[in-house]
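# Geometric and topological summary
Residue strings, one per chain:
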Amino acid sequence: MSSDFESYEQDFAVLTAEITGRIGKVPKLVGDEKKQMVTNVEKQLEEARELLEQMELEVREIPPQSRGMYSSRMRSYKQEMGKLEADFKRSRIAYSDEVRNELLGDDGNSSENQLIKLREERAHLLDNTERLERSSRRLEAGYQIAVETEQIGQEMLENLSHDREKIQRARERLRETDANLGKSSRILTGMLRRIIQNRILLVVLAVIIIFTTTLAIYFSVRGR
């Protein structure tokens, strides 16, 4: 399940990078080329929204204990999507202003110079915005890595704690086994001693019986 999410994640990263690059080009283009670029960006934004929906569905299928990490990623991607849409809106506003000026037929030199300056300023602002967004994405990515690292560390500590408990239980079982073996050894030693003692008693009794019988036979024969 997480592999599907990561696949969508990679597609989203590639797609948003392309969208960012194209949005930055919109104010610098003119005519049909600009119109085509705007259309392409709109299609790619729709594809990015669909990818986000697929990623949300995948997150819902992830077990609750692992869902937090993916939910934080989704929040970051939604923020990134919102920024892309805001940037595209700004570029569309610049594009609409240019189309309006073309329709009004403003061919004066002063108006044309002002339009050029406005274009340059808007392009500069978009470039700065793009840099800020890249820096923001890097910070968010670093934060996500830190959160994921913390979660992994917590999981490792929990696993180590469970392993330690297992080792302690195994040690206790070994101690109980050693104690039981000691008791069994003492019992067996006592049984062996009793067996040996019984055998010695049997031998002594047999010797006494044989000796007594021999004496009785001897005296009976001698008396005759």
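A brief structural summary. Not measured: the values here are computed from a predicted model. Going along each chain's sequence as written, the residues are numbered from 1 onward. Owing to the predicted nature of the model, reporting of local features is limited to residues with pLDDT of at least 70; listing and counting of side-chain atom pairs is limited to 80 or more, with chain, interface and lining totals taken over all residues. Remark: hydrogens and water are excluded; side-chain values derive from all non-hydrogen atoms of the structure.

## Notes on the nonpolar core
Put simply, a nonpolar core is a bunch of buried Ala, Val, Leu, Ile, Met, Phe, Trp, Tyr and Cys residues held in one set by side-chain atoms that sit within 4.5 Å of each other. A 1.4 Å probe rolled over the protein chains alone gives each residue an accessible area, and that area as a share of the maximum for its type sets the label: buried under 20%, exposed over 50%, partly exposed in between. Core analysis: the biggest nonpolar cluster contains 24 residues, and Phe-12, Ile-19, Val-41, Leu-45, Leu-52 and Met-55 have the highest contact counts within it. Runs of H or I in DSSP of at least four residues are treated as helices and runs of E of at least two as strands, each being numbered from the N terminus. Looking at this core, the elements that each hand over two or more residues are α1 (2-25), α2 (31-61) and α3 (64-104). With nine residues, α2 is the single largest residue contributor to this core. Contacts were defined at the residue level, with two residues in contact if any of their heavy atoms lie within 4.5 Å. Those residues within four positions of Ile-19 in sequence are excluded, and the remaining contacts are Val-41, Gln-44, Leu-45, Ala-48 and Leu-84.

## A short note on a nonpolar patch on the surface
A grouping of Ile-196, Ile-200, Leu-202, Val-204, Leu-205, Ile-208 and Ile-209 is seen on the molecular surface, where their side chains present a nonpolar patch of about 670 Å² in accessible area. Relative to the elements of secondary structure, Ile-196 occurs in helix α4 (residues 109-223). Like charges within 9 Å and nonpolar side chains (Val, Leu, Ile, Met, Phe, Trp, Tyr) within 5 Å are joined into patches, using only residues over 30% in relative accessible area that form no salt bridge. We get accessible surface area from the Shrake-Rupley algorithm with a probe of 1.4 Å; when it comes to residues, only the shown protein chains can shield them. Think of a salt bridge as a Lys or Arg side-chain nitrogen and an Asp or Glu carboxyl oxygen that are within 4 Å of each other.

## Things to note about the pattern of salt bridges
What the rule picks out here adds up to five salt bridges. The structure contains a network of salt bridges with shared partners spanning Glu-46, Arg-49 and Glu-85.

## Let's talk about a negative patch on the surface
Together, Glu-18, Glu-47, Glu-50 and Glu-53 make up a negatively charged patch on the protein surface. Of all the elements, α2 adds the most residues to the negative patch, at three residues. For Glu-50, the position within the fold is in helix α2. Among the residues examined, Glu-50 registers a relative accessible area of 44% and is labelled partly exposed. When charges are tallied, Lys and Arg are placed among the positive residues and Asp and Glu among the negative ones, while His and the ends of the chain are skipped. Where a charge sits is defined by one atom per residue type, namely NZ (Lys), CZ (Arg), CG (Asp) or CD (Glu).

## Some details on the packing of aromatic side chains
Stacked, edge-to-face and tilted labels apply to pairs of Phe, Tyr and Trp rings (six-membered ring for Trp) whose centres lie within 6.5 Å, assigned for plane angles under 30 degrees, over 60, and everything in between, in that order. In total, this model carries two aromatic pairs according to the counting rule given. Geometrically, the ring pair formed by Phe-5 and Tyr-70 is edge-to-face, given 5.0 Å between the ring centres and 85° between the ring planes. One end of the pair, Phe-5, is in helix α1; the other, Tyr-70, is in helix α3, with 65 residues separating them in the sequence. Both residues of the pair, Phe-5 and Tyr-70, belong to the buried class. An angle of 55° between the planes, with centres 5.3 Å apart, marks the rings of Phe-12 and Tyr-77 as tilted. Separated by 65 residues along the polypeptide, Phe-12 in helix α1 and Tyr-77 in helix α3 bring together distant segments of the chain.

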